[in-house]
Structure formats: C-alpha cells, structure tokens
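One-letter residues, chain by chain:
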Amino acid sequence: MKSKTGTVSRGRPDFLLLVLILLLVGFGLVMVFSSSASTAVSDPRYGYDALYFTKRQIMFAFIGMAGMFILMNMPYMSFQKKLFTWYAVGSIALLAVVPYIATEVHGARSWLYIGGFGIQPTEFAKLGLILYLGRLIAKKGETFRDFKKGLLPVFIILGVVCGLIMRQPDLGGCLIIAATAGIMMVGGGANMKQLASAGILSAIGASLFLAVSALIDPEKSSYRVNRFTSYMHPLENAQESGFHLVRSLGALGHGGLTGAGFGQSVQKLDYLPFPYNDFIFSIIAEEFGFIGSAVFLFVFLLFLWRGLIVALRCPDIYGTIVGTGIIGLIGIQTFINIGGVIGAIPITGVTLPFISYGGSSIIVMLMCMGVLLSISREYYKTDRPVKG
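One structure accompanies this document, and this report is about it. Everything quoted here is computed from the prediction, not taken from an experiment.

Calculation rules
Residues numbered from 1 in each chain as written. Predicted model: local features only at pLDDT ≥ 70, side-chain atom pairs only at ≥ 80, totals over all residues. Heavy atoms only, no water. Helix = DSSP H or I, 4+ residues; strand = E, 2+ residues; numbered from the N terminus. Buried < 20%, exposed > 50% of the residue type's maximum accessible area, 1.4 Å probe, protein only. Areas by Shrake-Rupley, 256 points an atom, 1.4 Å probe, with all protein chains shown as cover. Salt bridge = Lys/Arg side-chain N within 4 Å of Asp/Glu carboxyl O. Expected span 1.5 Å × (residues − 1). Polar contact = N/O pair within 3.5 Å; in protein donor to acceptor, adjacent residues only side chain to side chain. Patch = residues over 30% accessible without salt bridge, like charges linked within 9 Å, V, L, I, M, F, W, Y side chains within 5 Å. Core = buried A, V, L, I, M, F, W, Y, C linked by side-chain atoms within 4.5 Å. Contact = heavy atoms within 4.5 Å. Phe/Tyr/Trp six-rings, centres within 6.5 Å; stacked < 30°, edge-to-face > 60°. Axes fitted to C-alpha atoms, helices over the stretch in contact; angles between N-to-C directions. Left-handed = near helix turned anticlockwise from the far one by under 90°. Nonpolar A, V, L, I, M, F, W, Y, C, P; charged D, E, K, R; others polar. Disulfide = S-S within 2.5 Å.

1. Observations regarding the overall build of the protein chain
No. 1: What the protein chain contains, in helices and strands, is twelve helices and three strands.
No. 2: Out of the 388 residues belonging to the protein chain, those deemed buried represent 48%.
No. 3: A total accessible area of about 18400 Å² is found for the protein chain, and carbon and sulfur atoms account for 68% of it.

Written out as structure tokens, the structure is:
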C-alpha cells in the first residue's frame, strides 16, 4: 500500500504481542537468577559469582532483542530473499559438520564452543527451516496438494534435516522440527490423506533407524531407551534413569498450592541437575506453587493465542504459513518441556522458550518474534499521506 508520496506506509507492530514477549523474557531473567544463584555462588568454575548465569542471560537477551527489532522493522516479504535463503541453507548445512567438530556434552555432539560461549546450530536451523519451508510451500500454491510436486520435496528436505539432527543425536530437537513442519504443511493446504500416509511412512523409517542404531551400539541404545521410558515408573530407577524426574516431581510437590516463596526452592540446591535450564519450570512450580504456575501458563497461552491471531490475520499465505510455523514451534517446544518436567511424557531435554538459560535458544526465539512482529505490521498498515 502506498501513500500519496508514493512510499510504502508500514503499520505498527502488534502491541499486545510485544508486551507479552517482554513480560516472558523479563520473568525468564528473574527465574534464571533464582534457579542458578546458589549453584554459581558455590562453584569455582563460575568465579563464586551468584550473578554468573544471570549476567550472561541478560547479554543473550539483549542480542536477541537487537535481532528482534531489526527483523521487526524489515518487511516480512523480504524474508523470502537471497539473504535469508542463505541463512536457511547455511544453518542446515552446519548441522552436517556438527557431529565432527562439536564438543560432546552429556552424550551428544550438538554444541560448538567459541571463546567460552556455546552455540547450538539446531536452534538456528529451526528458524531457517521455517523460513525456507514457508517460501517453498507458498510458492507451490495449489500444486502443493499434488504429492510428487508438492508434498514429497518438503518431506525430503525435512527428512534430511531430521537425519542430520539425529546424528548428534538430539531427539527433542528432531521431534520439535518435525511437528513444526507438519503444522506448516497443514497450514499450507496439504492433502490430509497424503500427509497422514507420509507421516506413517516416516515413523516406520524412524523406527527402523532406531532399530539399526540399537544393533550397532546396544549398550548406549539401552541407556537411551531406559531414559525415554523411565517417566512411566520413575521410582523404580530413582538413582539412574528416573533421577531427574523424581527430583522434578519432588519440586512440584514441595511447591503445593501457593509455593515455597521466591528464592526458597530446595531442589535447586544441588539436588536437581541444571535447574536453570531444562527443569526451570520445576523451580517455578516449587517457588510459586500451583497458583503461580497457573498464572504463568495463562500468560504463555495468551501469548500463543495472540501470535496465532497475528499469523491468521496476515493477508498473504507466506506470512500466514511462517507465522503459524513460529507459533507452532514455540507451542510444541513448551509442551515437550513442561510435559517432561511433570512426568506426562518422556524427558527429551529441550529448553522452555524465553525462560530457560541458554544463549542460542533465547536469541533464536527473539529473532522468531521479530519475524512475527513484522508480519503483524501488515495487518495494521494504513495509507497515511504526509502532511504539509
């Protein structure tokens, strides 16, 4: 839309969505401090500095915010151009070399360390894949309903990405990306019968891959299976595969209805490993109780609802698909994180968006928000002639 001067008039970003983003990031910083201070102040690796993790997370948040505001002020259609295509291809290509050059952490090679800071390429590949698949699906239009010309190329790309991620291995990241891509395919108008059939075949292929992996390395495979299934009976192996979940449930139980109070968590005192990361929701539940956790979840659901509204309001199919993919990514990752923490599903080791400690995670999530806020500006765009 152009004004009388011939220049394109851009709308304002969605105010409610922006406020909710800032609230979640702010609360995340508070909880990173609460859940990490006792660990950092007693460990020489962190210089006995209670603010060690908090200061780093603030730095990551500022980097992410800068990225968010830059992307927010770019027309969302520009995300289809060469610069972002190279970002998508580059982030996916990096996954191919990660298993060879990454440092092994907790049995997985998914982290690159540069100057004392860890980078997780899988996080950056999430946004890259959303932008790439959004462009591909939107470009195909009605052809996307044809299996060979539409759905098959998307599944091939998704299969390559998931295969690269599983080589690290990172089951949680693989599940999140696969489910996000599925949501984008539905939003792009895929034939549901074809999508269901392709999904079943993919599940069979993944099962065969896991079976072959078990034959090659039965000991490591057995350990992973035990960790995956321990959520059903965590107390039977409370000191090994069920250890994390037992401690997490202990935190939830201690929180009760109203919580132990801010900063009063017991499980973060060297009982629950890495309470500031994958299990930060356990600390939220312990310190703020059921009521506080419910308020937090309500705000998060309000954020997801608003983000979905923004995506659906976009008049262009590309913006709708990308926006839906971003909200799907955050919603799925949140479900997997909290579901694992409360014992509803197996623990797969993923961060809670905007809340958990982690540079790659918060930077990429805020970059995603920049894209979504750019999409929201299309809805609020108005034709305002310049006065004078």
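2. What to know about the pattern of salt bridges
Pairing between side chains of opposite charge can happen when the charged atoms of each approach one another.
No. 1: Scanning the entire structure with this criterion turns up five salt bridges.
No. 2: A salt bridge links Asp-14 to Arg-306, with the shortest nitrogen-to-oxygen separation between them at 2.8 Å. Of the two residues, Asp-14 sits in the segment before helix H1 (15-41) while Arg-306 sits in helix H10 (residues 280-313), which places them 292 residues apart along the sequence.
No. 3: On the basis of relative accessible area, Arg-306 is assigned to the buried category, the value being 11%.
No. 4: We note a salt bridge from Lys-268 to Glu-287, for which the minimum N-O separation is 3.1 Å. In this pair, Lys-268 sits in the loop between helix H9 (243-255) and H10 while Glu-287 sits in helix H10, placing the two residues 19 residues apart along the sequence.

3. Comments concerning helix H6 (residues 171-187)
No. 1: When the terminal C-alpha atoms of H6 are compared, their 24 Å separation across 17 residues agrees well with the 24 Å that a helix rising 1.5 Å per residue should span.
No. 2: Looking only at H6, the buried set comprises Gly-172, Gly-173, Cys-174, Ile-176, Ile-177, Thr-180, Ala-181, Met-184 and Met-185.
No. 3: Measuring from the backbone nitrogen of Gly-172 back to the side-chain oxygen at the start of H6 gives 3.5 Å, which picks out Asp-170 as the cap.
No. 4: One or two residues past the end of H6 sits Gly-189, with phi positive at roughly 90 degrees.

4. Side note on helix H12 (residues 359-379)
Each α-helix winds once per 3.6 residues, and so residues spaced three or four apart point in a common direction.
No. 1: Compared with the 30 Å implied by 1.5 Å per residue over 21 residues, the 31 Å span of H12 between its first and last C-alpha is a close match.
No. 2: Where burial is concerned, most of H12 is hidden: 19 out of the 21 residues are buried.

5. Quick look at a nonpolar patch on the surface
No. 1: A contiguous nonpolar patch, built from Val-30, Phe-33, Leu-51 and Phe-262 and spanning about 320 Å² of accessible area, is present on the exposed surface.
No. 2: Turning to its location among the elements, Val-30 is positioned in helix H1.

6. Observations regarding the nonpolar core
No. 1: If you look at the biggest cluster of nonpolar residues, it comprises 95 residues, and the most contacted ones within it are Ile-21, Met-185, Phe-303, Ile-330, Phe-354, Met-369 and Val-371.
No. 2: Setting aside anything within four residues of it in sequence, one finds Phe-303 in contact with Leu-17, Leu-20, Ile-21, Leu-24, Ile-330, Phe-354 and Met-369.

7. Structural notes on the environment of Tyr-380
No. 1: The topology assignment puts Tyr-380 in the segment after H12.
No. 2: By relative accessible area, Tyr-380 is classed as buried at 18%.
No. 3: Tyr-380 sits 368 residues away from Arg-12 along the chain, and the two C-alpha atoms are 5.9 Å apart.

8. Focus: the packing of aromatic side chains
No. 1: Across all of its chains, the model carries 16 aromatic pairs by this definition.
No. 2: Ring centres of Phe-27 and Phe-296 lie 5.5 Å apart, and the angle between their planes is 35 degrees; on these two criteria the pair is classed as tilted. With Phe-27 in helix H1 and Phe-296 in helix H10, this residue pair connects regions lying 269 residues apart in the sequence.
No. 3: Judged by centre distance (6.3 Å) and plane angle (55 degrees), the rings of Phe-60 and Tyr-357 are tilted. Linking Phe-60 in helix H2 (residues 52-72) with Tyr-357 in the loop between helix H11 (317-341) and H12, this pair joins segments that are 297 residues apart in sequence.
No. 4: Note on Phe-60: relative accessible area 8%, which makes it buried.
No. 5: The class for Tyr-357 is buried, based on a relative accessible area of 11%.
No. 6: One aromatic cluster is present, formed by Phe-27, Phe-262, Phe-281, Phe-288, Phe-296, Phe-300, Phe-303 and Phe-354 through successive ring pairs.

9. Some remarks on unusual backbone geometry
No. 1: Even without being a glycine, Tyr-48 presents a positive backbone phi close to 55 degrees.
No. 2: Within the secondary structure, Tyr-48 is located in the loop between H1 and H2.
No. 3: By relative accessible area, which is 51% here, Tyr-48 ends up exposed.

10. Structural notes on the packing of helix H4 (residues 121-140) against H11
No. 1: Interaxial distance between H4 and H11 falls to 9 Å at its minimum, and their mutual angle equals 145 degrees. Note that H4 runs across H11; the crossing there is right-handed. Across from Lys-126, Ile-130, Leu-131, Gly-134, Arg-135, Ile-137 and Ala-138 in H4, the residues of H11 making contact are Ile-317, Tyr-318, Ile-321, Val-322, Gly-325, Ile-326, Leu-329 and Gln-333.
No. 2: In the contact of H4 with H11, the residues fall into ten nonpolar, three polar and two charged.

11. A closer look at the state of the cysteines
No. 1: Throughout the structure, instances matching the rule amount to zero disulfides.
No. 2: Not engaged in a disulfide, the cysteine Cys-174 finds its nearest cysteine sulfur in Cys-162; these two sulfurs lie 3.8 Å apart.
No. 3: Residue Cys-174 is classed as buried on the basis of its relative accessible area, which comes to 12%.

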